[in-house]
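# Architecture and fold: a report
Next come the chains, spelled out residue by residue.
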Amino acid sequence: MLLHTTLNGTGSPLLFLHAGLETGETDFVYQRDMLQSNFQVVTMDLRGHGRSQPASLHAYVVACADDVAETLQAHHIRAAIVIGASLGALVALCFARRSPDLVTALAVHGIIAEKPANWSELRSQENAHYKALLENEAAASHFDSLHGGGWRTILRMAQDDYDPFAITGNAADLTMPVLICAGDKNLNEASSLNVYKKQLTNGRTVLVSNAGHLVHQDQPAAYLTELFSFIHDYGGNDS
C-alpha cells in the first residue's frame, strides 16, 4: 500500500521511520527541522499509524517494508538514507534487506542483537504497559484521534509471542553503510553494540550518554550530531 508521506526540503533524501504509536509528523521532530535545509526530508506513517490505514495488518513488519519500497518508488525517489527507531528500526532493517538498491545508508536504534536472559521479564513489563494503554480512556482517546482503530490491533499483536531477533540479530548481511546507536540507560541495547561492532564491515556503532530506548527523543541534539556525522562520512554530504 502507499503510505501517507510528506516531503520537505531539497537535496539527498533522508527517510525517517517513526517508533510505534508515533507518526511521521510526531517523531524525529528536532532532527527533521534541523536537516531539512540541507536535505529532502521524507516521513511516512507506517501502516496502522496516522493516515496510513490498511485493509490488513498481517505479516506486519514485512508488509511495512514493502509499503516503504512502493511509496518511495511512487514518489520517484531512487534511493534514500533511511533512519529508524524501535518499530521504525525493525521496518528499516527489513526494508534494507528486501530492497537494498533503495537504501543509500541505514541508521537505526532501539534494537537488541541477542535475546537477553531477562527477555521474559521484559516482555511481561511491556505487555503490562500495553494493557494499561488499552484500558486508559484518555490515552485511548488520544491514540484513536491520531491513528484510528489500527493501533489497538497493533498493540494486541505486540502482546503475542514477539521475537525480533531474526531481524535484529545479524547486521553482517547489510550491504550499505550502517549506523547503530544505543542509549547507555538501556543496558541490553547498549551491550548489543559490542555484537554489532564485530558484525559491521561498513559503518559504526555509537553509545549515547543519558539516553534510553528512544535515543533521538531522550538526547535529540546528541543524536543529531552522530547522525549528521554518519551522513557526512557515509551517505553523501549536502551541507
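Here, every reference points to the structure presented above.
Residues numbered from 1 in each chain as written. Predicted model: local features only at pLDDT ≥ 70, side-chain atom pairs only at ≥ 80, totals over all residues. Heavy atoms only, no water.

## Here's the deal with the packing of helix α4 (residues 119–135) against helix α5 (residues 137–147)
Operational definition: Between N-to-C directions, angles span 0 to 180 degrees; the directions come from axes that are lines fitted to C-alpha atoms, helices contributing only their stretch in contact. The numbering of helices and of strands both runs from the N terminus, where a helix is a DSSP run of H or I of at least 4 residues and a strand a run of E of at least 2. Should an angle fall under 35 degrees it is taken as roughly parallel, and over 145 as roughly antiparallel, whereas 65 to 115 is taken as roughly perpendicular and any remaining angle as oblique. Contacts were defined at the residue level, with two residues in contact if any of their heavy atoms lie within 4.5 Å. Under this grouping Gly is polar, as are all residues other than the nonpolar Ala, Val, Leu, Ile, Met, Phe, Trp, Tyr, Cys and Pro and the charged Asp, Glu, Lys and Arg.
Their axes nearest at 5 Å, the elements α4 and α5 cross at an angle of 85°. Classified by the angle their axes make, α4 and α5 are roughly perpendicular. Here L133, L134 and E135 of α4 come into contact with α5, specifically with E137, A139, A140 and F143. By residue class, the composition of the contact of α4 with α5 is five nonpolar, no polar and two charged.

## A look at the packing of aromatic side chains
This is how it is decided: Only centres within 6.5 Å qualify two rings of Phe, Tyr or Trp (six-membered ring in Trp) as a pair; their planes then separate them into stacked at under 30 degrees, edge-to-face at over 60, and tilted for everything else. Note on classification: 1.4 Å probe, protein chains only; a residue is buried when its accessible area is under 20% of the maximum for its type, exposed when over 50%, partly exposed between these limits.
The final tally for this structure, using the stated rule, is five aromatic pairs. Measuring from centroid to centroid gives 5.0 Å for W119 and F165, while their planes differ by 65°, and the two rings are edge-to-face. A residue pair is termed long-range when its members are at least 10 positions apart, and W119 in helix α4 and F165 in helix α7 (residues 165–168) qualify at 46 residues. Each member of the pair W119 and F165 is classed as buried. A ring pair is formed by F143 and W151, whose centres lie 5.2 Å apart and whose planes are at 45°; its orientation type is tilted.

## Some points on the sheet that holds strand β3 (residues 40–44)
Quick note on the threshold: Criterion used throughout: strands pair if DSSP finds at least two bridges between them.
Across the sheet, which stays open at both edges, the seven strands sit in the order β1-β3-β2-β4-β5-β6-β7 with mixed pairing between neighbours. Strand pairing shows two members of the sheet lacking a second neighbour, β1 (5–8) and β7 (203–208), which therefore form its edges. Between one strand axis and the next, the sheet turns through 15° on average, direction left out of account. Note: strand β4 (residues 80–85) against strand β5 (residues 103–109), six bridges, orientation parallel. By the bridge assignment for β5, I83 is matched with A107. Strands in contact with helix α3 (residues 87–98) are β2 (13–17), β4 and β5; relative to β5, the strand with the most contacts, it is inclined by about 150°. Together, β6 (178–183) and β7 form the strand contacts of helix α8 (residues 187–199), whose direction differs from that of β6 by roughly 155°.

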